[in-house]
Each structure stands twice: as C-alpha cells, then as structure tokens.
Amino acid sequence: MDVQLPAQAAEWANDALVWVGFGTLVGLMAKAVMPGRDPGGAVATLLMGIGGTVIGCSVLMYASNGQRVTPVSPIGFVVATAGAFALLFFYRLLGGRFFTEGDYGTYARRPAYRRRRIRRSLPIDE
C-alpha cells in the first residue's frame, strides 16, 4: 500500500523542512558570532533563525526595490544571519543583559566577575 501526498502538501512539507533546517543553521551561526552566553535552547535557536531569515530577507527585498531574495542561497544566508543576530541583540537588550533599571535610573550593567576565594591555612599547634 503506497500512500501518496497531494503535490501541494508534499511541496509544503518540503518547504517546512527546509525552513527548519535552514533556521537552525542560521540561529547557530548568529549565536556563534555574538559573544557571551546565550539564552534559550534548541527551540529558541530554531525560532530565532527562522525569524532572522524572514527579517533579513525582507529588509534586503525592501532595499533592492522588491527583487525577491531566496533564503537558501549565499546572500540569503548572510542576510538571514544578520537578521538573527539583530534579533538576538534586541532580545539581550530588552532582557536586561546590557542595561539595568532601578531606583537610581538606567545605567549600564557591568559584567559580574567572580572573586577568587582566598584560602588561608589553619594555624598549626605545636
């Protein structure tokens, strides 16, 4: 028994799988380019990659007077990574990783460095 999908459904399934794979690659590339620890796991990386692809290709299409850009191409990969990078930057910015608000207004947050613990030897009784 051979089950055949209609041609339209097969095309949609193929497009969905391509977007998932491409979004994962773009999200991983954006996380690799931006320094520091990144929030989110595999699903967040996938969604960030897909969103970055939509944003990057849309901005390039707007800038080039409506000429369509295929996301799965070298220029599409570059603008998709730039879009995902912008999404990650704004996610960190709005998440309080760069600036902190408090009673004293908004100020730039300094990176937290851990102090080294000083180990003192115990006195030896002789």
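As a reminder, the structure under discussion sits directly above these lines.
Below, the structure is looked at part by part. None of the values given here were measured: they were computed from a predicted structure.

Basis of the calculations
Residues numbered from 1 in each chain as written. Predicted model: local features only at pLDDT ≥ 70, side-chain atom pairs only at ≥ 80, totals over all residues. Heavy atoms only, no water. Helix = DSSP H or I, 4+ residues; strand = E, 2+ residues; numbered from the N terminus. Buried < 20%, exposed > 50% of the residue type's maximum accessible area, 1.4 Å probe, protein only. Areas by Shrake-Rupley, 256 points an atom, 1.4 Å probe, with all protein chains shown as cover. Patch = residues over 30% accessible without salt bridge, like charges linked within 9 Å, V, L, I, M, F, W, Y side chains within 5 Å. Salt bridge = Lys/Arg side-chain N within 4 Å of Asp/Glu carboxyl O. Contact = heavy atoms within 4.5 Å. Phe/Tyr/Trp six-rings, centres within 6.5 Å; stacked < 30°, edge-to-face > 60°. Axes fitted to C-alpha atoms, helices over the stretch in contact; angles between N-to-C directions. Left-handed = near helix turned anticlockwise from the far one by under 90°. Nonpolar A, V, L, I, M, F, W, Y, C, P; charged D, E, K, R; others polar.

## A few points about the overall build of the protein
Phase 1: On a plain count of helices and strands, the protein comes out with three helices and two strands.
Phase 2: Listed by position from the N terminus, the elements making up the protein come as α-α-α-β-β.
Phase 3: Within the span of the protein, comprising 126 residues, buried residues form 21% of the whole.
Phase 4: By element, 62% of the accessible surface of the protein is carried by carbon and sulfur atoms, the whole surface being about 10500 Å².

## Quick look at a nonpolar patch on the surface
Phase 1: On the surface, M29, V33 and F85 cluster together into a nonpolar patch covering about 240 Å² of accessible area.
Phase 2: Among the secondary structure elements, M29 is positioned in helix α1 (residues 7-33).

## Section: the environment of G52
Phase 1: Among the structural elements, G52 can be located in helix α2 (residues 42-63).
Phase 2: For G52, a relative accessible area of 0% translates into the label buried.
Phase 3: Residues G52 and G23, 29 residues apart in the sequence, show an inter-C-alpha distance of 8.0 Å.
Phase 4: Filtering out sequence-adjacent residues up to four positions away, G52 remains in contact with V79, A80, G83, A84 and L87.

## Some details on the packing of aromatic side chains
Phase 1: Under the definition given, this model contains two aromatic pairs.
Phase 2: Measuring from ring centre to ring centre gives 5.9 Å for F22 and F77, while their planes differ by 70°; the resulting arrangement is edge-to-face. Residue F22 is found in helix α1, and its partner F77 is found in helix α3 (residues 74-94); the two are separated by 55 residues along the sequence.
Phase 3: On the basis of relative accessibility, which here comes to 11%, the residue F22 falls in the buried class.
Phase 4: Plain terms: the ring middles of F89 and F90 are 5.4 Å apart, the flat faces sit at 70° to each other, and that makes the pair edge-to-face.

## Some points on the packing of α2 against α3
Phase 1: Viewed as axis vectors pointing N to C, α2 and α3 meet at an angle of 115°, and their least axial separation amounts to 6 Å. For the pair α2 and α3, the sense of crossing is right-handed. Along its contact with α2, which presents M48, G49, G51, G52, T53, I55, G56, C57 and L60, the element α3 presents I75, G76, V79, A80, G83, A84, L87 and L88.
Phase 2: Classifying every residue of the contact of α2 with α3 by side-chain character gives 10 nonpolar, seven polar and no charged.

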